Amino acid sequence: MNKLRVFFAALLLSAVAGTATAEAIDLSDARAVERLRASNPDHYAKIVQILAGLREQPSRVEQGWLQTAFGARDVETSGLVLLASYPPKQRLEFTLDDAVYRLDVVRADLRDATLLR
């Protein structure tokens, strides 16, 4: 029953996030990242560092790291709601200058959590 609630909460959050931020750049889209590399090399360089840092330590998504290291603002995560996948993913959205970016952070650090068994 708990897993079903988490699934529906993630589904609802995904639907709300999708409608509220239609203009966000989806960092899971390789073509969008390539366009970013050509159009905004400074943001591209930051995004590369952000992705590498989150792969190294996924919990940074919840620690204010984006704000302090990259000057990101409006940092939003799905909080305790994880996307129904293995390993679990957590939705992240943030703003650099005037550009909004979105990605699902693989939370490999939570894959063995008791809640997910």
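This text goes with the structure placed above it.
Now for a look at the structure at hand. Values in this document were obtained by computation on a predicted structure and should not be read as measured data. (Residues numbered from 1 in each chain as written. Predicted model: local features only at pLDDT ≥ 70, side-chain atom pairs only at ≥ 80, totals over all residues. Heavy atoms only, no water.)

**What to know about the environment of Ala24**
Argument step 1. By the element assignment, Ala24 lies in the loop between helix 1 (2–20) and strand 1 (25–26).
Argument step 2. The class of Ala24 is buried, set by a relative accessible area of 12%.
Argument step 3. In this structure, the C-alpha to C-alpha distance between Ala24 and Val100, residues 76 residues apart in sequence, is 4.7 Å.
Argument step 4. Ignoring anything within four residues of it in the chain, the contact list for Ala24 reads Glu93, Val100 and Arg102. (Helix = DSSP H or I, 4+ residues; strand = E, 2+ residues; numbered from the N terminus. Buried < 20%, exposed > 50% of the residue type's maximum accessible area, 1.4 Å probe, protein only. Contact = heavy atoms within 4.5 Å.)

**Quick notes on the layout of surface pockets**
The gaps of empty space that remain are located by a probe, the size of a water molecule, rolled over the atoms.
Argument step 1. Of the volumes computed, that of the second largest pocket is approximately 240 Å³.
Argument step 2. Mapped onto the lining of the second largest pocket, the elements with two or more residues apiece are helix 3 (41–56) and strand 4 (99–106).
Argument step 3. A per-element tally of the lining of the second largest pocket places strand 4 first, with 4 residues.
Argument step 4. For the lining of the second largest pocket, the residue count by class is 6 nonpolar, 1 polar and 3 charged. (1 Å grid on protein atoms, 1.4 Å probe; cavity = no way out; pocket = protein on both sides within 12 Å on 5 of 7 lines; lining within 4 Å. Points joined across faces, edges and corners; volume = space filled by probe spheres on them. Nonpolar A, V, L, I, M, F, W, Y, C, P; charged D, E, K, R; others polar.)

**Focus: the pattern of salt bridges**
Argument step 1. If you walk through the whole model with that rule in mind, you get 7 salt bridges.
Argument step 2. With a closest N to O distance of 4.0 Å, Asp74 and Arg73 form a salt bridge.
Argument step 3. With a relative accessible area of 39%, Arg73 lands in the partly exposed category.
Argument step 4. Each of Arg73, Asp74 and Asp98 takes part in salt bridges that share partners, so that together they form one network. (Salt bridge = Lys/Arg side-chain N within 4 Å of Asp/Glu carboxyl O.)

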